[in-house]
Amino acid sequence: MSKLLNIALIGNPNTGKTSLFNTLTGLNQKVGNYPGITVDKKTGKCKLSDTISAEIIDLPGTYSLNASSEDENIAVKVLSEKGNVNYPDIVVVIADVENLKRNLLLYTQVKDLGLPTVLAINMQDIMASKGISIDIDALENELNTKIALISTKKNIGIANLKEILVAYKSIPLVPCDVCDTSILIDKSLNKKQQQHKDTVKRYQFIKIALENNYKVEVHRAKGFRAKLDKVLTHRVFGYLIFFTILFNIFQALFIWSEYPMELIDSLFAFLSDWAKGNLPAGGFTRLLSEGIIPGIGGIVIFIPQIAFLFLFLSILEETGYMSRVVFLMDKIMRKFGLSGKSVVPLISGTACAIPAIMAARNIENWKERLITILVTPFTTCAARLPVYAIIISLVIPKGNSFLGMNNHALVLMSLYVLGFAAAILSAYILNKTLKIKSKSYFVIEMPNYKMPLFKNVFYNVLDKTKAFVYGAGKIILAVSILLWVLASYGPGKEFNQAESIVKIEYAHLDENTLESKIASYKLEHSYIGTFGKFIEPSIKPLGYDWKIGIALLTSFAAREVFVGTLATIYSVGSEDEATLMEKMKKEVHLDTMKPVFDFPTGISLLLFYAFAMQCMSTVAIVKKETNGWKWPLIQMFGMTIFAYLVALVSYQVLH
Amino acid sequence: MTIADLIEGDKAIITSFIVDEIPLKLIEMGCIAGNSVELVQSAPLKDPLYLNINGTFLAIRKETASQILVKKI
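Residue numbers here run from 1 along each chain, matching the order of that chain's written sequence. Chain letters and ligand numbers both follow the written order, the letters beginning at A and the numbers at 1. Predicted model: local features are reported for residues with pLDDT of at least 70 only, side-chain atom pairs are reported and counted for 80 or more only, and whole-chain, interface and lining totals are derived from all residues.

A few words on the overall build of chain B. Strands here are runs of E lasting at least two residues and helices are runs of H or I lasting at least four, both read from the DSSP assignment and numbered beginning at the N terminus. Summing up its helical and strand segments, chain B has two helices and five strands in all. Both definitions apply: the radius of gyration is a C-alpha atom measure, and the globule rule equals 2.2 Å times residues to the power 0.38. By the compact-globule yardstick of 11 Å for 73 residues, chain B fits well, its C-alpha radius of gyration being 11 Å. A principal-axis box enclosing the C-alpha atoms of chain B has dimensions of 30 × 25 × 20 Å. For chain B, the residues scored as buried account for 52% of the 73 residues in total. Throughout, a pair of residues is in contact if the C-beta atoms placed from their backbones lie within 7 Å. A separation threshold of at least 6 residues defines the contact pool for chain B, and within that pool the share at least 24 residues apart is 58%. Put plainly, a residue is buried at 20 or more neighbouring C-beta atoms within 10 Å of its own, exposed at 12 or fewer, and partly exposed in between, counting only other residues' C-beta atoms, which are placed from the backbone.

Next up, the structure:
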C-alpha cells in the first residue's frame, strides 16, 4: 500500500511555480473549484518514491500571506486551518534564485505557521551567467529547513526535491521567530501599520540570513533586459510593436481556426444525419439529432478560436511582454477609467468574456476593476462570429470596395472596432458617473524576459479551453434541449390537431408541400412560436418577425444559439435539404412578400448583437465577481436597452 | 524629494512614507525605508514609473511614487 502525502505548493508570481507543478504532476492534474468561490483549484498526483505518492495542490501565486485578494485568501486558509480538507503535510515554497530576498518574505511567513516547509530555489541554470553563488548548507541552517536547488526549465534537482519531501519528518518545525508579537497587540497601530512593521522585521531577518551565504557579482549580464525594454516600451516603437502583434494575432486567429471550424461543423452535421437515419424513429432520436447533437456542436465549434487566442496570450504572458504592455497602456487607459491591467481582459474578451472578466481580478483599484468588468462584454467575443458571419453574407453584397478589401471582411472588421469603441466609450461614461472613491493603487512586477516553456503554455491552453467547454457548454447545451422541447410541443388544439387543420385548409396541395405546411403550422403554434408571436409587436420596429424573435429570445442564454435556433426553426419548418442560408434568403414577410433578411433588417440585427448582453454565463460570472446582483443587472439592462435603441434607429433610418 | 522627482538612471535610498498611503503589496515587494530604489524608465507619457526597488523590477503610478520620500545617492 502506498502512502499519500498532501503537499502544498506556494510561491511568488513569475518564479516557475506552475512549471514545477507541471513537472511534478504531468498530465495527472485537474482543475476544480474551492467551494463557493471562482478561484481555480489545481491539484495533481505525483509519485515521490516506490511507496510514497503525493497529492499536490498548486496554490495561487502570492507575494505574502497578508491576504488582500480572494486568491491569496485561499492560500492562507489552506495553510492555516487544520480542519481544511486541503491542509497539507508539507509545504514547498518556491523561490526565484535571482530575487531570493523578496521571495524569502513569503517563506518566513509560511515557516511561522509551524508546518514542515521546504524551500525550492528555482532557475539554478541562470546562476552562473548572473554570477550568483549560494552556500546551501549555511542557508539551510539559517532558515532551519531543507533546500532544493532546482531548474524546472532544465529539469535539474527534481529527484533531490522528491527525496527531501519523502524525508519530511526530519525537517525542523521551529518557526523563523521573526514575528514580533508585540507588534500585533500594539493597539496604536492599525492592521496595515502592523503588517508594515512585521514586513520590515522579516526583511531584517532575511538580510542577516543571506548576508554571507548569497552572493551576486553585480555587473554581469544586465544588458539584454535593458535593451529590450528600451525598444518594447519606446514611445513610438512600443505602441507600434504592440498593435502589430495584436493585428497579427487576430489575423492568425481567423485564418488558423477557419479550417478546424469547418471540419467540426461538417462532422456534427454528419453525426446528426447519421442519428436521424440509423436510430429507431421517435421522440428520443429527434431530441438527439435535432437538440443534443447540434447543441454540443455549437460549443465544440468555438474550441479552435478560444484555444488559439489563449495560446497567443499565454505566450505573451510567459515571455514577460504582457507586463510591458500594461506599463505602456496604463496612462492612456486611465483616461477612460480603466487600468493598464484592463488590456488583458479586453483582449481576452475577443475570445470569451468569461475568462476575460476573471482576468480583471488583479486590478487593485476597485473602480477600475468594476468598469473593466462592466465593459468587457462589449468586445466582440467568438460567440458573436457565427451570427455576424451568416447575417453579413446574407445582406452585404460581395465584392471589393475599400482599398481592395473584401466587403465582408470590411464589415466584420468594423464590427470589431465598434465593439472596442463601445467598451472604451462606456468606460468613459461610467468613469464620469460612478461615484466610487478608491485609491489609485497600481503595482506590477516587471519580470525578466524569458523563452516561453512549451509545457506551461500547453497546460494553460488546456485549462482555459476546458473551463470554457464545461462552463459555458452546460448552459448552451441545456438551452438547445429546452429550445427543442418548446418547439416540439405546444398548447391548445391548433398544435395538436395541426395535421387535420392544414389538410382541410390546403386540400389541393401535393403531399410534400402539405408536409412542410403542417410542420411550419405546428411550429407557429408551439410554445415557442406562441411566445415569439407575443413579443412580435415590440421587435417589429427593429425589422424582425416572430421567427427572428424566437432566435433573439433563445440567444439571451448565449449569442451563438441564434444560428442554431434559426436552423432548428427552419429545418423543423420544412423538409428540403437546402442550407440554412438559402432558406433564410427565401424567407418572405407573408403580408408584403418582401424578403425578411433585407439590408435594413440585417444591419439592425448586427448592431443589436454587437451591443446586447446575451450571455447567461457572463451574467453569472459578473454576479460572482461583484458579489451581488446589482452590477450584472445594471449591465444586462444597460447594454440591452442601448442595443435595442441603436437597432431601432438604424432600421428606421435605413428602411 | 520623492521617487516621482527622480530622473531616468537616478539611484536613491528610501527614507520614509506614510504607510496608509501606499499599497501593502509594494511594501512586501521591498519598498521599505533604507532600501535602494532606481528609476529605470518612465512610461512614454511620464507615468507609470518603472523602478528597481531592492532588486525587484516593478512599475507604480506617479501618484504613489510621489508619496515615497527618498534621498539621492
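Don't stop here, the text continues.
At the interface, 27 residues of chain B touch 31 residues of chain A. Mapped onto the side of chain B that touches chain A, the elements with two or more residues apiece are helix H1 (24–28) and strand E4 (56–60) of chain B. Tallied by class, the residues present in the side of chain B that touches chain A amount to 16 nonpolar, five polar and six charged. Following DSSP output, two strands are said to pair if at least two bridges run between them. In the sheet, strand E12 (residues 443–445) of chain A pairs with E4 of chain B via three bridges, with the strands oriented antiparallel. Directly across from valine 443 of chain A, in E4 of chain B, lies its bridge partner isoleucine 60 of chain B. Residue classes follow a fixed rule: Ala, Val, Leu, Ile, Met, Phe, Trp, Tyr, Cys and Pro count as nonpolar, while Asp, Glu, Lys and Arg count as charged, and any other residue, Gly among them, counts as polar.

A few words on helix H3 (residues 100–111) of chain A. One less than the number of residues in a helix, times 1.5 Å, gives the span that helix is expected to have. For H3 of chain A, with twelve residues, the first-to-last C-alpha span of 15 Å sits near the 16 Å given by 1.5 Å per residue. Among all positions of H3 of chain A, only Leu100, Arg102, Asn103, Leu104, Leu105, Leu106, Tyr107, Thr108, Gln109, Val110 and Lys111 of chain A are buried.

As summarised here, the arrangement of the six strands in space is E12(A)-E4(B)-E3(B)-E2(B)-E1(B)-E5(B), forming an open sheet in which the pairing is antiparallel. With partners counted over all chains shown, the strands left at the sheet margins are E12 of chain A together with strand E5 (68–72) of chain B, one partner each. The sheet shows a mean angle of 40° between the axes of neighbouring strands, direction not considered. Examined bridge by bridge, strand E1 (residues 11–17) of chain B and E5 of chain B share five bridges and lie antiparallel to one another. Pairing of isoleucine 14 of chain B across the sheet is with valine 70 of chain B, part of E5 of chain B. Note on geometry: axes are C-alpha line fits, over the in-contact stretch for helices, and angles between N-to-C directions span 0 to 180 degrees.

Turning our eyes to something else, we now look at unusual backbone geometry. Residue and element names in this part refer to chain B. The amide bond that connects aspartate 47 to the next residue, proline 48, takes the cis arrangement and shows omega of -5°. Tracing the chain through its elements places proline 48 in the loop between strand E2 (36–42) and strand E3 (49–53). Phi is positive for asparagine 54, close to 55°, though the residue is something other than glycine. Note on placement: asparagine 54 falls in the loop between E3 and E4.

Residues and elements named next belong to chain A. Note: pLDDT gives the predictor's confidence per residue, expressed from 0 to 100. This prediction gives chain A a mean pLDDT of 86; 94% of its residues lie at or above 70. The secondary-structure element of chain A with the lowest mean pLDDT is helix H7 (residues 181–185), recorded at 64, while helix H29 (residues 630–654) shows the highest, at 96. Ignoring residues within four places in sequence, the model shows residues 573–577, a span with pLDDT below 50, making nine contacts including any to other chains.

Before going further, it helps to examine the nonpolar core. Definition of nonpolar core: a set of buried Ala, Val, Leu, Ile, Met, Phe, Trp, Tyr and Cys residues joined via C-beta atoms within 7 Å. Core analysis: the largest hydrophobic core is formed by 184 residues, its most contacted members being Leu9, Val93 and Ala120 of chain A together with Leu51 and Leu58 of chain B. Filtering out sequence-adjacent residues up to four positions away, leucine 58 of chain B remains in contact with Val443, Ile444, Glu445 and Met446 of chain A together with Met29, Leu51 and Ile53 of chain B.

Let us now look at helix H16 (residues 366–375) of chain A. All names here are of chain A. Among the ten residues in H16, nine count as buried, and that is most of the element. All of the buried residues along H16 are Lys367, Glu368, Arg369, Leu370, Ile371, Thr372, Ile373, Leu374 and Val375. Those residues of H16 that are buried are in contact with helix H14 (343–348), helix H15 (353–358), helix H18 (407–433), helix H28 (616–626) and H29.

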